[in-house]
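# Inside the fold
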Amino acid sequence: MNEFDDKEFTLTDKDFEQIRSFVKQHTGITLSEAKKTMVYGRLSRRLRKLRIPSFKEYLAIVARDDSDELVNFINAITTNLTSFFREEHHFDYLKNTIIPQLRLKKNSDQKIRIWSAGCSTGEEPYSIAIALHESLPDIEEWDIKILATDLDTNVLAHGENGIYDIERISALSPERKQAWFLKGRGAQQGSVKIDSRLRNLITFKQLNLMQQWPMKGPFDFMFCRNVVIYFDKDTQKILYNKYANLIVDDGCLFLGHSESMYKVCDRFASLGHTIYKKIC
Ligand SMILES: C[S@@+](CC[C@H](N)C(=O)[O-])C[C@H]1O[C@@H](n2cnc3c(N)ncnc32)[C@H](O)[C@@H]1O
């Protein structure tokens, strides 16, 4: 008997192995044994919703060639934790170092291209957009595009919508709240909507990092934070190399606080605080 035998749905070791293998195949995410309870909790909701009595039957549906359920399966598995100005020192570096450098470098061609890969519900690309507005008073004269991509279609829809619970911005300064968020009224009370000046800088697109990438770049800098932590080292190596191919020389890549390129990729130099500069 295993610890999942007396639960609402039986999750056998074989089912869990199959889940791990699907997840790895479709997302690159490596699920350890320790994630079993989390996986049970997240997928049980799908079984309940679809009134399917067992994981075995559910997995048979996910595995069909024409399965509509695969997208829900993936959306249920991904971890989407994020916040506005998460790891704020990255945005300080952007404002105090990268933007002044780009201003000097781009005096004739005022074009900046940015990629937020694994953008979740959009707080990361919107924070980048705020930092750009705060450091470029003449932003109207610049041609700026932020590409925000994620595998999970639910989080992308949230980001595109640009509406958040008001608590999501509770840690921001009064100036930032006032400048960039519109308070909802009536049915939207308790929510805030992103100002269109930020929304207009961003294009949200679904992109699975494990599949073909349509964009050619180059990007002046990119964020891929708290995403590769779920991938094994070989997958990280492939991704970092592909990022290096799309980032301009000397361009920066921002990683999450517990991610590192040490012994994984030597095409970037560490600038500290999980900020990396492309060197070759
Ligand atoms: C923890 S969130 C990070 C959000 C944001 N970058 C941050 O640091 O606040 C990780 C995101 O990576 C996305 N993700 C996971 N695997 C992916 C893949 N293979 N392709 C694209 N996005 C993926 C998830 O859907 C999730 O939204």
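Residues numbered from 1 in each chain as written. Predicted model: local features only at pLDDT ≥ 70, side-chain atom pairs only at ≥ 80, totals over all residues.

### What to know about the overall build of the protein
Applied cut-off: A run of H or I in DSSP counts as a helix once it spans at least four residues, and a run of E counts as a strand once it spans at least two, with each numbered from the N terminus. The quantity called the radius of gyration is restricted to C-alpha atoms. Its globule counterpart is 2.2 Å times the number of residues to the power 0.38. Buried residues are those with 20 or more other C-beta atoms within 10 Å of their own C-beta, exposed residues have 12 or fewer, and partly exposed residues lie in between; C-beta atoms are placed from the backbone. For every residue pair, C-beta atoms are placed from the backbone, and the pair is scored as a contact if these atoms sit within 7 Å.
Tallying secondary structure elements over the protein gives 10 helices and 10 strands in all. Relative to the globule expectation of 19 Å for 280 residues, the C-alpha radius of gyration of the protein, 21 Å, shows essentially globular dimensions. With respect to the three principal axes, the spread of C-alpha positions in the protein is 65 × 55 × 30 Å. Across the 280 residues of the protein, 33% fall into the buried class. Partitioning the contacts of the protein with sequence separation of at least 6, the portion at a separation of at least 24 is 72%.

### Some remarks on the sheet that holds strand 4 (residues 181-183)
Note the threshold: One bridge is not enough; two strands pair if DSSP finds at least two bridges between them. Fitted lines through C-alpha atoms serve as axes, helices being fitted only where they are in contact, and the angles separating the N-to-C directions of these axes extend from 0 to 180 degrees.
With respect to topology, three strands assemble into an open sheet ordered 3-5-4, the strand pairing being antiparallel. Edge positions in the sheet fall to strand 3 (163-165) and strand 4, since each of these pairs with one other strand and no more. This sheet shows a mean twist of 35° between the axes of neighbouring strands, independent of strand direction.

### A look at the nonpolar core
How we decide: Among buried residues, those of type Ala, Val, Leu, Ile, Met, Phe, Trp, Tyr and Cys that are joined through C-beta atoms within 7 Å form a set called a nonpolar core. Marked domain ranges trace back to an automatic or database domain assignment.
Formed by 67 residues in total, the largest nonpolar core has its most connected members in Ile114, Ala129, Ile146, Met222, Cys224 and Leu253. Top contributing element to this core by residue count: helix 6 (residues 123-135), with six residues. The residue makeup of this core includes at least three contributed by each of domain 1 (13-77) and domain 2 (88-278). Residues in contact with Ile114, not counting those within four places in the same chain, are Ile128, Ile146, Phe219, Asp220, Phe221 and Met222.

### Here we look at the site of the ligand
Worth spelling out the cut-off: All residues are tested the same way: a C-beta atom is placed from the backbone, and lying within 6 Å of a molecule or strand makes the residue near it. Asp, Glu, Lys and Arg are counted as charged, while Ala, Val, Leu, Ile, Met, Phe, Trp, Tyr, Cys and Pro are counted as nonpolar; the rest, among them Gly, fall into the polar class.
As a structural note, the neighbourhood of the ligand is formed by 25 residues, with Thr78, Thr82, Gly118, Ser120 and Leu151 the closest of them. The residue inventory of the shell around the ligand, partitioned by class, reads nine nonpolar, 11 polar and five charged. Split by domain, the residues of the shell around the ligand number at least three in each of domain 1 (13-77) and domain 2 (88-278).

### Considerations on the environment of Ile99
If you trace the backbone, Ile99 turns up in helix 5 (residues 88-105). Look at Ile99 and you get partly exposed, because 18 C-beta atoms sit within 10 Å. Setting aside its immediate chain neighbours within four residues, Ile99 contacts Leu94, Leu132, Ser135 and Leu136.

### A short note on the pairing of strand 10 (residues 275-278)
In the sheet, strand 8 (residues 247-255) pairs with strand 10 via three bridges, with the strands oriented antiparallel. Bridge pairing in strand 10 links Cys252 to Lys277. As paired strands, strand 9 (residues 268-270) and strand 10 are joined by three bridges and run antiparallel to one another. Looking at the pairing, Phe268 lines up with Lys278 of strand 10. In this antiparallel pair of consecutive strands, strand 9 and strand 10, the connection spans four residues, and Gly272 shows a positive phi of 90°.

### Re unusual backbone geometry
Cis geometry is found at the peptide bond from Gly217 to Pro218, where omega equals -5°. Relative to the helices and strands, Pro218 resides in the loop between strand 6 (202-206) and strand 7 (219-224). With a phi angle near 55°, Arg51 is a residue other than glycine that sits in the positive phi range. Mapped onto the fold, Arg51 is located in the loop between helix 2 (36-50) and helix 3 (55-63). Positive phi is not limited to glycine here, since Lys263 has a value of about 60°. Turning to its location among the elements, Lys263 is positioned in the loop between strand 8 and strand 9. Residue Lys263 is classed as exposed on the basis of its 8 C-beta neighbours within 10 Å.

### A closer look at the sheet that holds strand 6
Remark on secondary structure: sheet strands pair via backbone hydrogen bonds, oriented parallel or antiparallel. Judged by pairing direction, the sheet is mixed, and its seven strands sit side by side in the order 6-2-1-7-8-10-9 without closing on themselves. Looking at strand neighbours, the two that pair on one side only are strand 6 and strand 9, the edges of this open sheet. Geometrically, the sheet is characterised by an average inter-axis angle of 20° between neighbouring strands, direction not taken into account. As defined by bridge partners, strand 2 (residues 143-150) adjoins strand 6 across five bridges and the pair is classed as parallel. Bridge pairing links Asp150 to Gln206 in strand 6. The strands touched by helix 7 (residues 153-161) within the sheet are strand 2 and strand 6, with strand 6 carrying the most contacts at an inclination of about 165°.

Read these as spatial facts, not as claims about activity.
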